[in-house]
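One-letter residues, chain by chain:
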Amino acid sequence: MSDRPSPSAASGERVQLKEVFKTFGVGTANETHALDGVALEFAAGSFTVVIGTNGSGKSTLLSAIAGTFRADQGTIAIGATDVTSWVEHRRARFIGRVFQDPFAGTAPTLTVAENLALAESRGLARTLRPLLRRAQRDSWRERLVAIGLGLEDRLDDPIGLLSGGQRQSITLLMATMCAPAVLLLDEHTAALDPKSAEQVIELTQRAVDRYRPTTIMVTHAMSQAAMLGDRLIAMHSGRIYLDVSAQAKQGLQASDLHALFSQMRREDRLDEATTAMLRAQYS
Amino acid sequence: MSILITTLSIGLVLAVLGLGVHIAFRVFGFSDITADGSFPLGAAVAAALIIAEVDPFIATAIAGAAGGAAGAITGVLNTRFKINPLLAGILTMTALYTVNLRVMGKSNIGLLGKATVFTPAESLLTSLVSGASHCTLLGRDVAVQDLACLAVSGVIVLICSVALWWFLRTEIGAAMRATGDNGAMVRALGGNTDRLLICGLALANALIALSGGLLAQLQSFADVQMGIGIIVLGLASVIIGQTLVGGGASVGVSIVGVIMGSVLFRLLIAIALRMGLDPNDLKLITAVVVLVALVVPSALGRVRPRPRRSMA
Ligand SMILES: Nc1ncnc2c1ncn2[C@@H]1O[C@H](COP(=O)(O)OP(=O)(O)OP(=O)(O)O)[C@@H](O)[C@H]1O
Ligand SMILES: [Mg+2]
């Protein structure tokens, strides 16, 4: 644990994408330019919200950073490290990730404690030591108490017995417990009921405040897009067509976004159908 | 009585096969049928080395290692070359048929009169009963040799299952369990799932080959045909065990289930044979048992959903 940044230290690292392309189904009828020359820089410790229509490439953007696949072209760097050629599990030492599916982030037949323990050794070499060591239990218990869902007494239950909201809260805990350099959140509250969603958003805000990872969050919820983060990016057809930074985003409301969409329509940067879709989605 | 003891010994030896099948099918959810080749590989290697006067314990260990290599090959075929699990297993298994023939130099080897891993215990027990070849147990006459085999099989199963139980709770072992559960999560946490699968299949087939090597010594012969349908036999133990202890059982309880399943299945077969079942019908019966065991719980499951899938 000694080689880990201390929990209170800011852990964020700059993320830099240079002209990243990713095309799915090359040469088929379904050829899709999911990322079409994306150039972006996320400052260390910044919190960016990504919006955009379905299929606009938001998830692909996060996957490109996480290394789920290799970009066809372009480079990706985290801090001073060029990770373009790194496979996903190698990049994991930098990255915490939460998916839309609340069941995607945990291993159902393993206990809550075992899931936490696996997350605690993120990016470290795994050994033949027992996974569960008594010394860690108290710290996990504390963290579970902190998320306030009464899960501290369920350390030894298979995590598959927990509800989606509970599992997503634990996934978020697992993604942030090692103070990742980058935190990738892909519509991580979309599958939850409003109350659980609110809880998870609150946990997200707390974790971000505590560790200051470079956070990139995809959302379809207008309230989240307006309230959270210090930068807003909108994607369409694999491109960034809107980038609202710190000051401009202050006090941004749903109606402002609609105005923005309309303005972009007038400037002919969006076609009518897309504008309508965006309006409908972010209402 | 003697038949009972022999049956138990075989059941225990095949429980090691069951543990291997459990790792591939249950822990990884990987339909690995390499067993049909790696089980006779273990038998062939152990028998050939014992004939060559190698110490039987070393011979058995090498047999296990050979199985590990076979499992690793299936794992590499699947992960590196993206060949689907069944086909990868079939390729390895088919190749092993030739390897096994080459290792043995002929299609079978007899081990009668050779020292095996069971021999030291036999001599020990014989000296304990002052040289007699039979003794009375529970009022019945039993061969000391059979008792020794049972004891050795029991100890080997005990060692294998405790070691496996311990291993599956280490960092690497738990990562293997998580890989079968949710590979994407393991990769997101920095685990190399390809490597975990290759190592897991190596471990699984090492146990399977170990079981083959032990069975050859228990029966005093190795035959290149002895692997045919062995995967179904291993699956029978795993599935019967799972039915006994429940699908959501913990690591330790599942292991105990596999052992109980293997022994129980052997007993049932022994009873059936005694009641006049034609041994030629055995494979068909085994397949039917596995089919029933596969179909019945899921049919029940439709009525009573498994808690694991529940969402609140
Ligand atoms: N693995 C894949 N194979 C083929 N096509 C893919 C794959 N992943 C994504 N795509 C395609 O790439 C495009 C971008 O997909 P992506 O998942 O990034 O969209 P998104 O912005 O996350 O959409 P949503 O809001 O629906 O989640 C889509 O047209 C999608 O169909
Ligand atoms: Mg998406």
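Residues numbered from 1 in each chain as written. Chains lettered and ligands numbered in written order. Predicted model: local features only at pLDDT ≥ 70, side-chain atom pairs only at ≥ 80, totals over all residues. Heavy atoms only, no water.

Re the overall build of chain A
Then, in step 1: The helix and strand tally for chain A stands at ten helices and ten strands.
Then, in step 2: The burial tally for chain A puts 54% of its 283 residues in the buried class.
Then, in step 3: Long-range pairs, those at least 24 residues apart, make up 68% of the contacts in chain A between residues at least 6 apart in sequence.
Then, in step 4: Surface accessibility of chain A: about 12,000 Å² in total, with carbon and sulfur atoms responsible for 51%. (Helix = DSSP H or I, 4+ residues; strand = E, 2+ residues; numbered from the N terminus. Buried < 20%, exposed > 50% of the residue type's maximum accessible area, 1.4 Å probe, protein only. Contact = heavy atoms within 4.5 Å. Areas by Shrake-Rupley, 256 points an atom, 1.4 Å probe, with all protein chains shown as cover.)

Concerning the nonpolar core
Then, in step 1: The biggest cluster of nonpolar side chains holds 124 residues, and the ones touching the most others in it are Leu116, Leu144 and Ile170 of chain A.
Then, in step 2: Sorting elements by how many residues they give to this core places helix α1 (residues 2-27) of chain B first, with 13 residues.
Then, in step 3: Once residues within four sequence positions are removed from consideration, Leu144 of chain A is found in contact with Val112, Leu116, Leu149, Leu151, Glu152, Leu155, Ile170 and Leu173 of chain A.
Then, in step 4: Counting 28 residues, the second-largest nonpolar core is a separate cluster that includes Leu17, Ile76, Ala181 and Val182 of chain A. (Core = buried A, V, L, I, M, F, W, Y, C linked by side-chain atoms within 4.5 Å.)

Focus on the packing of helix α5 (residues 119-128) of chain B against helix α6 (residues 144-167) of chain B
Relative orientation and spacing of two packed helices are given, respectively, by the angle between their axes and the distance between those axes.
Residue and element names in this part refer to chain B.
Then, in step 1: Where α5 contacts α6, the axes come no closer than 8 Å and their chain directions differ by 125 degrees. Looking at the two axes, α5 sits oblique to α6. For the pair α5 and α6, the sense of crossing is right-handed. Together, Ala121, Glu122, Leu125 and Thr126 of α5 and Val144, Gln145, Leu147, Ala148, Cys149 and Val152 of α6 make up the contact between the two elements. (Axes fitted to C-alpha atoms, helices over the stretch in contact; angles between N-to-C directions. Parallel < 35°, antiparallel > 145°, perpendicular 65-115°, else oblique. Left-handed = near helix turned anticlockwise from the far one by under 90°.)

Remarks on the sheet that holds strand β1 (residues 15-24) of chain A
Residue and element names in this part refer to chain A.
Then, in step 1: A sheet is described by the order of its strands in space; here four strands give the open sequence β2-β1-β4-β5, paired in antiparallel fashion. The two strands at the open ends of the sheet, each matched to only one other strand, are β2 (32-42) and β5 (81-82).
Then, in step 2: Pairing geometry for β1 and strand β4 (residues 73-78), over five bridges, is antiparallel. Directly across from Phe21, in β4, lies its bridge partner Gln73.
Then, in step 3: Strands in contact with helix α1 (residues 58-66) are β1, β2 and β4; relative to β2, the strand with the most contacts, it is inclined by about 65 degrees. (Pairing = 2+ DSSP bridges.)

Concerning a nonpolar patch on the surface
All names here are of chain B.
Then, in step 1: A contiguous nonpolar patch, built from Leu244, Val256, Met260, Leu264, Leu268, Ile271 and Met275 and spanning about 670 Å² of accessible area, is present on the exposed surface.
Then, in step 2: Counting residues per element, the nonpolar patch draws most heavily on helix α11 (residues 251-274), which supplies five residues.
Then, in step 3: Take Met260: it is sitting in helix α11. (Patch = residues over 30% accessible without salt bridge, like charges linked within 9 Å, V, L, I, M, F, W, Y side chains within 5 Å. Salt bridge = Lys/Arg side-chain N within 4 Å of Asp/Glu carboxyl O.)

Some thoughts on the confidence of the model for chain A
Then, in step 1: Chain-level pLDDT for chain A is 85 on average; 83% of the residues reach the 70-or-more range.
Then, in step 2: Across residues 1-8 of chain A, where pLDDT falls below 50, the model places ten contacts with residues more than four positions away in sequence or in other chains. (pLDDT = per-residue confidence, 0-100.)

Quick word on the pairing of β4 of chain A
Then, in step 1: The pairing of β4 of chain A with β5 of chain A spans two bridges and is classified as antiparallel. Paired with Ile78 of chain A across the bridge in β5 of chain A is Thr81 of chain A.

Notes on the interface of chain B and chain A
Then, in step 1: Across the contact, 24 residues belong to chain B and 31 residues belong to chain A.
Then, in step 2: Of the roughly 2,500 Å² buried between chain B and chain A, counting both surfaces, carbon and sulfur atoms make up 59%.
Then, in step 3: Among the residues of chain B in contact with chain A, Glu171, Met185 and Leu189 of chain B are the three that bury the most area, contributing 28% of the side total.
Then, in step 4: At the surface where chain B touches chain A, the tally comes to three salt bridges. (Buried area = accessible area lost by both parts, 1.4 Å probe.)

Some details on the site of ligand 1
All names here are of chain A.
Then, in step 1: Around ligand 1, the surrounding shell holds 13 residues, and the nearest of these are Asn54, Gly55, Lys58, Ser59 and Thr60.
Then, in step 2: In the environment of ligand 1, an oxygen atom lies 2.8 Å from a nitrogen or oxygen atom belonging to the backbone of Gly55.
Then, in step 3: Between an oxygen atom of ligand 1 and a main-chain N or O atom of Gly57, the distance comes to 3.0 Å.
Then, in step 4: For ligand 1, whose free accessible area comes to 630 Å², the fraction covered by protein is 60%.
Then, in step 5: Where the shell around ligand 1 is concerned, the elements lending two or more residues are β2 and α1.
Then, in step 6: The dominant element in the shell around ligand 1, judged by the number of residues it contributes, is α1, at three residues.
Then, in step 7: Here the residues of the shell around ligand 1 are counted per class, giving two nonpolar, nine polar and two charged. (Near = heavy atom within 4 Å. Polar contact = N/O pair within 3.5 Å; in protein donor to acceptor, adjacent residues only side chain to side chain. Nonpolar A, V, L, I, M, F, W, Y, C, P; charged D, E, K, R; others polar.)

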